[in-house]
Structures are given as structure tokens and as C-alpha cells.
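# Descriptive structure summary
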Amino acid sequence: MNRVSLNILPLQSEIIYGPVRSRRLGVSLGINILPSSYKLCSFNCLYCKYDWTSKPTPHLTYQTDDLPRPAEVASALEISLHRLVKHRTKLDCITFSGNGEPTLHPDLAEIIAAAKRVRDQYLPEVKLAILSNSSTVGSAEVRAALEMLDLKVMKLDAGSEEMIRRLNNPMPNFYLGEIVAGLRSLTDVILQSLFVQGRVANTDPDSVERWLEKVREIQPRLVQVYSLDRLPTERKLWKVNLPTLQWIASQVRWRAGIPAEVF
């Protein structure tokens, strides 16, 4: 194993993982509806904790052999929740995340519906959430699936296509206008925005201004401002200090009139 690999988190090997303590979601039980042997994502973010995306894809419209079926997800979740209830384990959220972008799964709506049924049977007070890079939110089918969730935590790290392409490396068909329109169409969106410095930086006043314009356009219910908490794939990125993050959050509150939290 080379030196770089030692610092990269291993992929999730099971459908259910955790619970883990999340900076933004509390005690969260993870659901990975993506392959266990490689990362499946529409982005190739410089800061990803799971290394580079070897098989980037903009969307999935067909079932593949290495994706779990809805029945498998429901069964794995039921086994896990039964165990957690038996041991009276505290849980705040059940979160779709895992090895890439969860909205790429072609059976997303069916999986969410099945997860809701299991959640309601065992822990109806626990929130059902997703962490998404927002790349598929232009799809009405994806948005309909997302509306079934209690918490839609959607990514937007920059306000220009140039910065998003430098920082997030989306697939070539990425169009920021479509993403913003899709996010604006969703109800009760929580926007998560990661800021970095180094080889690529999105903390300069011009970048923050362009991002803030998109935040005002989307009108999320909350903006979560944060920075690195693990060593990124691109080593020439640095964590943003707390005063800078607090300044960005203050701009959201003051100039957009939207609540903002710093993590």
C-alpha cells in the first residue's frame, strides 16, 4: 500500500454502516446504496475522503449487477434497526450517503419508500436524510424521490461553473443553471458548502460573492458552512480557519436573510 492510500478512508463494504457521529446530523446510521468495490459518483472532488472517482458517471438509468436491490436495502436496514432498538442505541438520523452519489441509483424512489416503511416500524421519530452533491437535481424523477425524505442536505461549494469544475470536477454535461433551478424547486433544502484554501480556493471575496448570489436564488431553509476534517485526496488543499467560516456564514445571514451554521 502506498503512502497516499494510508490516508484515504476505505470504502463502505456493507449496505448499512455505523452509527457514526456526524458533524451536521448527530448520531447517524449510514445507508450505502452504491457498489462496495469502487466509488460511483458524478463528481471527482479534490477533497473527497474516498480517493479519486475511477468510474465517473453523470446518471444511471439502468440496473447494474453491483448495486443493491431495494429489497436488500430494506432487509439490511431492518436487521440493523432491530439490533439498535434492542440495545436502546441513540439515533438521530438514517442517512443515504456511502461510496459516492446516492441519487445515481436508478431505484432511488423505491429504496427510499422501503426505508421509510422500515423506519416507521422501528424508530418513527428518527429523521431520514440524504447527503447529495446535487448533480442530478435537475431531474424531476430525482426531485420527487428526494421530497420523500425528512432532510435533504444538498451540496453547492461555489457559485460559478469555473470554480465548481476546478474544485468538484463534475462530468462534462454539468450545467450550474440546471442545478440551481432544481435546488430552488425542492422544499426545505439544507445547503452544505465546503470551503478550502490552497491549490484551489473558494474563500476569496469574489468567489464568496458568486456563491452567495446562488444561495439567494435557491433560498434554502439553512446553509451549513464547513471545511476539511480529514486529509483530502488533493494534498495541496488546506482547512479554512474558523473566523473565515464565521465571516462567510455572517454574509449568508446578513445579505441573504437565511440561517447559517458553521461546522
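Our subject is the structure that appears above.
It should be emphasised that the depicted structure is a prediction, and the values quoted were computed from it without experimental measurement.

### A look at the pairing of strand β6 (residues 189–194)
A regular strand places its side chains on the two faces of the sheet in alternate fashion. The buried fraction of β6 amounts to six of the six residues, a majority that puts the element mostly inside the structure. Across the two faces of β6 the burial is the same, with Val189, Leu191 and Ser193 and Ile190, Gln192 and Leu194 all buried. Pairing between strand β5 (residues 151–155) and β6: four bridges, direction parallel. Bridged to valine 153 within β6 is isoleucine 190.

### A short note on the nonpolar core
Ranked by internal contacts, the top residues of the largest apolar core, which has 72 residues, are Ile31, Leu77, Leu81, Leu91, Phe96, Trp211 and Val223. Per-element tally for this core: the top contributor is helix α2 (residues 108–122), with six residues. The contact partners of leucine 81, leaving out residues within four places of it in the chain, are Leu29, Leu91, Ile94, Val118, Arg119, Tyr122 and Leu123. Ranked by size, the runner-up nonpolar core spans eight residues in total, among them Leu25, Leu131, Leu151 and Leu222.

### A word on the packing of aromatic side chains
Overall, the coordinates contain two aromatic pairs when judged by the stated rule. A ring pair is formed by phenylalanine 195 and tryptophan 211, whose centres lie 5.1 Å apart and whose planes are at 90°; its orientation type is edge-to-face. Residue phenylalanine 195 is located in the loop between β6 and β7 (196–198), and its partner tryptophan 211 is located in helix α6 (residues 205–218); the two are separated by 16 residues in the primary sequence. Comparing phenylalanine 195 with tryptophan 211 shows no difference in burial state: the two are buried.

### Quick look at the environment of leucine 9
By the secondary structure assignment, leucine 9 is in the segment before β1 (16–22). Look at leucine 9 and you get partly exposed, because its relative accessible area is 32%. When the C-alpha positions of leucine 9 and leucine 231 are compared, they lie 9.4 Å apart, and in sequence the two are 222 residues distant. With residues near it in sequence (within four places) discarded, leucine 9 still touches Lys49, Tyr50 and Arg230.

### Considering the environment of serine 54
Along the chain, serine 54 falls in the loop between β2 (26–31) and α1 (70–86). With relative accessibility at 55%, the residue serine 54 sits in the exposed group. Between the alpha carbons of serine 54 and tyrosine 38 there is a distance of 7.5 Å; along the sequence they are 16 residues apart.

### Overview of the pairing of strand β8 (residues 222–226)
Of all five residues in β8, five are buried, a share of seventy percent or more. Burial along β8 is two-sided: Leu222, Gln224 and Tyr226 facing one way and Val223 and Val225 facing the other are all buried. Two elements, β8 and strand β10 (residues 260–262), share three bridges in a ladder whose sense is parallel. In the strand pairing of β10, valine 223 is matched with alanine 260.

### Side note on the environment of serine 80
Mapping serine 80 onto the fold places it in helix α1. By relative accessible area, serine 80 is classed as buried at 4%. With 113 residues separating them along the chain, serine 80 and serine 193 place their C-alpha atoms 31 Å apart. Ignoring any residue separated from it by four or fewer positions in sequence, one finds serine 80 in contact with Ile16 and Leu29.

### Concerning the state of the cysteines
The tally for this structure, following the rule as stated, stands at zero disulfides. Not engaged in a disulfide, the cysteine cysteine 41 finds its nearest cysteine sulfur in cysteine 45; these two sulfurs lie 6.3 Å apart. Among the residues examined, cysteine 41 registers a relative accessible area of 9% and is labelled buried.

### Digging into the sheet that holds strand β4 (residues 127–132)
The strand order across the open sheet formed by eight strands is β1-β2-β3-β4-β5-β6-β8-β10, and the pairing between neighbours is mixed. Of all the strands in the sheet, just β1 and β10 have a single pairing partner and so form its edges. Strand-to-strand twist of the sheet, defined as the mean angle between neighbouring strand axes without regard to direction, takes the value 25°.

### Description of unusual backbone geometry
Cis geometry is found at the peptide bond from glycine 18 to proline 19, where omega equals 10°. As for its position among the elements, proline 19 is in strand β1.

Here is what the cut-offs are and how they apply
- Residues numbered from 1 in each chain as written.
- Predicted model: local features only at pLDDT ≥ 70, side-chain atom pairs only at ≥ 80, totals over all residues.
- Heavy atoms only, no water.
- Buried < 20%, exposed > 50% of the residue type's maximum accessible area, 1.4 Å probe, protein only.
- Helix = DSSP H or I, 4+ residues; strand = E, 2+ residues; numbered from the N terminus.
- Pairing = 2+ DSSP bridges.
- Core = buried A, V, L, I, M, F, W, Y, C linked by side-chain atoms within 4.5 Å.
- Contact = heavy atoms within 4.5 Å.
- Phe/Tyr/Trp six-rings, centres within 6.5 Å; stacked < 30°, edge-to-face > 60°.
- Disulfide = S-S within 2.5 Å.
- Axes fitted to C-alpha atoms, helices over the stretch in contact; angles between N-to-C directions.

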